[in-house]
Amino acid sequence: MRLPSTKVILFNAAIVLAAGGAAAMAIRSMMFTPSMDPCTERYHNMTVFALERNGTMITPAEVQAISGGRDAGVIENVSVVRKDGPSPVALQVNLPKGAASPHRTSGPKGGMSFPWAPNALSGKTSACLTYHVQFPAAFDFNRGGRLPGLGGGIEGAANSEYFAAPLVWRGDGSGGSVVRVAKEGAAPVVVSDKTTALAKGRWLKIEQEIVLNAPKASDGIVRLWVDGVLLAERTDIAFRGKAETSLSSVLADVHYGSSESASGSVKDAQIWLSPLEVRWQ
């Protein structure tokens, strides 16, 4: 039996924390910068996870191959479809009724999870991730779930550091990001604004900026924009202790929060995702 990865364990703990009282404490410590331009306006070099090649849509098997076989749910729950929106093609992610995380060891598995590690991210200490997401008009957020976010370091390697900053949705429809650092005693850092609900039935533009901290300092930055509006910001995050630790991947996850059936989809549903785009300076 394949055991869940460090990323999965960290995420399940993060969802619980994000839904609890720790979020309120984190929100109070945020410092908003309304005049800050979205990161797509400041990061001009880019690479895209293309869903179409020479007019032909890629297959789930090709998505799986790009991830190096480190995927979950891609073959079962993902298709590339034609859809009106910011891009002519989109990833359609299926969330069957009763299905929770695709990493669960038993019961129905919903959604997808795979890492995308573009070479352009290697060695970078700051980056901007952007994509569009659409929830159906009747989507039930249930107890929360996960959307793509940036990550860094090398997961599971000896003496290496690893961090993940997935975006999340909550049961009340609000959005944010949860930063987990794979280090003993490191608590999740919640980056969110519970006053803003994620709209359903239309495309939302998501932008996430990460600026790594100076080694062993707590001055790392996470910013999150939705439709060009700064939703949340933290400027006190310790992503790393070593100078060689850099950004390394996009954690392309779309699924309900944990492995518990009660946390999964209450009915058959889909989420659509435009091609992922990573930018750097």
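Just so you know, these numbers come straight off a predicted model, no measurement behind them. (Residues numbered from 1 in each chain as written. Predicted model: local features only at pLDDT ≥ 70, side-chain atom pairs only at ≥ 80, totals over all residues. Heavy atoms only, no water.)

(A) Expanded view of the state of the cysteines. Per the counting criterion, the structure on display carries one disulfide. Across the disulfide, cysteine 39 is cross-linked to cysteine 128 (sulfur-sulfur distance 2.1 Å). Disulfide cysteine 39-cysteine 128: torsion about the S-S bond near 60°, hence right-handed. In this pair, cysteine 39 sits in the loop between helix H2 (22–28) and strand S1 (45–48) while cysteine 128 sits in strand S7 (residues 126–134), placing the two residues 89 residues apart along the sequence. The burial state of cysteine 39 is the same as that of cysteine 128; both residues are buried. (Disulfide = S-S within 2.5 Å. Helix = DSSP H or I, 4+ residues; strand = E, 2+ residues; numbered from the N terminus. Buried < 20%, exposed > 50% of the residue type's maximum accessible area, 1.4 Å probe, protein only.)

(B) Seen up close, the pairing of strand S4 (residues 78–82). Pairing between S4 and strand S5 (residues 89–95): five bridges, direction antiparallel. Residue pairing for S5: valine 78 is matched across the bridge by valine 93. Hairpin connection of S4 to S5: six residues between the antiparallel strands. (Pairing = 2+ DSSP bridges.)

(C) Structural view of unusual backbone geometry. Despite not being glycine, asparagine 54 has its phi angle at roughly 55°, a positive value. The backbone of aspartate 227 shows a phi angle near 55°, a positive value even though the residue is not glycine. The topology assignment puts aspartate 227 in the loop between strand S13 (220–226) and strand S14 (229–237). Since its relative accessible area comes to 36%, aspartate 227 is described here as partly exposed.

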